[in-house]
Amino acid sequence: MISSFDHYKHRQDRWPAATPLRLSGQSHVQICIVQSCYIPWKGFFDLIGRCDEYVIFDSAQYVKRHWHNRNRIKTANGVEWLTIPVVSKGRFEQPIDEVEIEKPWAEKHWRAVELAYRRAPFFDQFAPTLKAWYERADKERRLTDVNELFLRGIAELLGLETRIVRDTAYPAEGVKTARLLSIAKAAGANRYLSGPSARVYLDEAQLASAGIATEWMNYDGYSQYPQLHGSFEHAVSVVDLLLNTGPAATHYIGPDTLRIAPDAR
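All values derive from a computational prediction rather than experimental measurement.

**Some remarks on the confidence of the model for the chain**
Logical step 1: This prediction gives the chain a mean pLDDT of 88; 86% of its residues lie at or above 70.
Logical step 2: This model gives residues 3-17 a pLDDT under 50, and the stretch forms 26 contacts once residues within four places in sequence are excluded.

**A short note on the environment of Glu 148**
Logical step 1: Here Glu 148 lies in helix H4 (residues 143-157).
Logical step 2: Residue class for Glu 148 comes out buried when judged on its relative accessible area of 2%.
Logical step 3: Separated by 109 residues in sequence, Glu 148 and Ile 39 have C-alpha atoms that sit 9.4 Å apart.
Logical step 4: Side-chain polar atoms of Glu 148 contact the side chain of Arg 152, separated by 2.8 Å.

**A closer look at the packing of helix H3 (residues 123-137) against H4**
Logical step 1: Where H3 meets H4, the closest approach of the two axes is 10 Å, and the angle between their N-to-C directions is 160°. As the angle between them shows, H3 and H4 are arranged roughly antiparallel. Of the two elements, H3 crosses H4, and the hand of that crossing is right-handed. Packed against H3, whose contacting residues are Trp 133, Tyr 134, Arg 136 and Ala 137, the element H4 presents Val 146, Leu 149, Phe 150, Gly 153, Ile 154 and Leu 157 at the interface.
Logical step 2: Split by residue class, the contact of H3 with H4 holds 8 nonpolar, 1 polar and 1 charged.

**Quick look at the packing of aromatic side chains**
Logical step 1: A full pass over the atoms with the stated rule returns 15 aromatic pairs.
Logical step 2: Between Tyr 38 and Trp 105, the ring centres sit 5.8 Å apart and the planes meet at 90°, which makes this aromatic pair edge-to-face. Residue Tyr 38 is located in the loop between strand S1 (30-34) and helix H1 (42-49), and its partner Trp 105 is located in the loop between strand S4 (78-83) and helix H2 (106-117); the two are separated by 67 residues in the primary sequence. Both residues of the pair, Tyr 38 and Trp 105, belong to the buried class.
Logical step 3: Aromatic rings pair up to connect Tyr 38, Trp 105, Trp 110, Phe 123, Trp 133, Tyr 134 and Phe 150 into one cluster.
Logical step 4: The ring of Trp 81 has Arg 70 lying over it, and the distance from NZ or CZ to the ring centre is 3.9 Å.
Logical step 5: Lying over the aromatic face of Trp 216, Arg 199 brings its terminal NZ or CZ to 4.1 Å of the ring centre.

**Quick notes on the pairing of S1**
Logical step 1: The buried fraction of S1 is high, at 5 of 5 residues.
Logical step 2: Residues Gln 30, Cys 32 and Val 34 line one face of S1 and the alternating positions Ile 31 and Ile 33 line the opposite face, and both faces are buried.
Logical step 3: Here S1 runs beside strand S6 (residues 191-194); their pairing, made up of 2 bridges, is parallel. Opposite Gln 30, over in S6, you have Arg 191 as the bridge partner.
Logical step 4: Pairing of S1 with strand S2 (residues 53-56), which is carried by 4 bridges, proceeds in the parallel orientation. Among the inter-strand pairings, Ile 31 is bridged to a residue of S2, identified as Glu 53.
Logical step 5: This β-α-β element, S1 to H1 to S2, shows right-handed connectivity.

**Digging into H2**
Logical step 1: Here H2 contains 12 residues, and its C-alpha end-to-end distance of 16 Å stays within 8% of the 16 Å for a straight helix at 1.5 Å per residue.
Logical step 2: Turning to H2, its buried residues number three or more, namely Ala 106, His 109, Trp 110, Ala 112, Val 113, Ala 116 and Tyr 117. The buried residues of H2 occupy an angular sector of 160° when the element is viewed end-on, so they sit on one face. Summarising the geometry of H2, the exposed residues directed more than 90 degrees from the buried face are Glu 107, Lys 108 and Leu 115.
Logical step 3: The elements touched by buried residues of H2 are strand S3 (70-75), S4, H3 and helix H7 (238-245).

**Some thoughts on the nonpolar core**
Logical step 1: Of all hydrophobic cores here, the largest spans 57 residues; its most connected members are Phe 45, Tyr 54, Trp 105, Tyr 134, Phe 150 and Leu 243.
Logical step 2: Those elements that provide at least two residues to this core are S1, H1, S2, H2, H3, H4 and H7.
Logical step 3: Take this core: its biggest share by element is 8 residues, from H4.
Logical step 4: Residues contacting Trp 105, with those up to four places away along its chain left out, are Tyr 38, Ile 84, Pro 85, Tyr 134, Ala 137, Asp 138, Val 146 and Phe 150.
Logical step 5: Ranked by size, the runner-up nonpolar core spans 20 residues in total, among them Phe 57, Ala 184, Ile 212 and Trp 216.

**A word on the sheet that holds S6**
Logical step 1: Taken together, the 5 strands give an open sheet; going across it, the order is S5-S2-S1-S6-S7, and neighbouring strands pair in parallel fashion. Taken across any chain shown, the strands that pair with only one partner, and hence form the sheet edges, are strand S5 (163-166) and strand S7 (213-216). Each adjacent strand pair in this sheet contributes to an overall mean axis angle of 25°, direction not counted.
Logical step 2: Strand direction decides the pairing type here: S6 and S7, joined by 4 bridges, are parallel.

About the criteria used
- Residues numbered from 1 in each chain as written.
- Predicted model: local features only at pLDDT ≥ 70, side-chain atom pairs only at ≥ 80, totals over all residues.
- Heavy atoms only, no water.
- pLDDT = per-residue confidence, 0-100.
- Contact = heavy atoms within 4.5 Å.
- Helix = DSSP H or I, 4+ residues; strand = E, 2+ residues; numbered from the N terminus.
- Buried < 20%, exposed > 50% of the residue type's maximum accessible area, 1.4 Å probe, protein only.
- Polar contact = N/O pair within 3.5 Å; in protein donor to acceptor, adjacent residues only side chain to side chain.
- Axes fitted to C-alpha atoms, helices over the stretch in contact; angles between N-to-C directions.
- Parallel < 35°, antiparallel > 145°, perpendicular 65-115°, else oblique.
- Left-handed = near helix turned anticlockwise from the far one by under 90°.
- Nonpolar A, V, L, I, M, F, W, Y, C, P; charged D, E, K, R; others polar.
- Phe/Tyr/Trp six-rings, centres within 6.5 Å; stacked < 30°, edge-to-face > 60°.
- Lys NZ or Arg CZ within 6 Å of the ring centre and 35° of its normal.
- Pairing = 2+ DSSP bridges.
- Right-handed = clockwise from strand over helix to strand, strands pointing away.
- Expected span 1.5 Å × (residues − 1).
- Arc of directions from axis to C-beta.
- Core = buried A, V, L, I, M, F, W, Y, C linked by side-chain atoms within 4.5 Å.

Take a look at the structure:
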């Protein structure tokens, strides 16, 4: 259940050095290792909410026009992009955790959210904390820190118990599947949950040889919810869901075994 925004304060502490979860007696540990995104859509939180641990994989390469520094909201004029301006010229291979923010942006984004959702049923309840997040985010100089601020805050509001750590918490070697495998092993995981886009490079056999089973998310089947501004749109920031449904938000992204497809091809 979502905590009240009036009583919620974003945790400023960071997780201590990560300890493999199976050392604490868990026989099955499911992990996801995913790059951070800016105020992601509901499917992102569905994915990490199914796992014991989410590793923020921001040593991965930053990709322009991806979701790392932008997302969408619904407005009276249609779907609108909110994009954090970052320094990317001449830095084509920089990892996400080195991406610097180019200029002030947070107040503009907050005003856009306020204008788009001020008539949403739960805007008045949520607005103080959202605004406080943007005020904090405006002081950050790295994209990864902004993304983590929102990711942790929203995950807690949704009541997710997933442990969140950065990939720097674990030793990692190799590239692509080998790198993911080294992190998963160090974390003590024996199950790996992946988004469908990773099918182009993830080697399930390599994970299986290390005793780690792969499962694949299927983002089909989400229910629609009451939404402002015209026809329904799934592919928008989770902020849309929170402001429109409040405590009912978890019902629209809750576990549904039909949306995990371990054998899908």
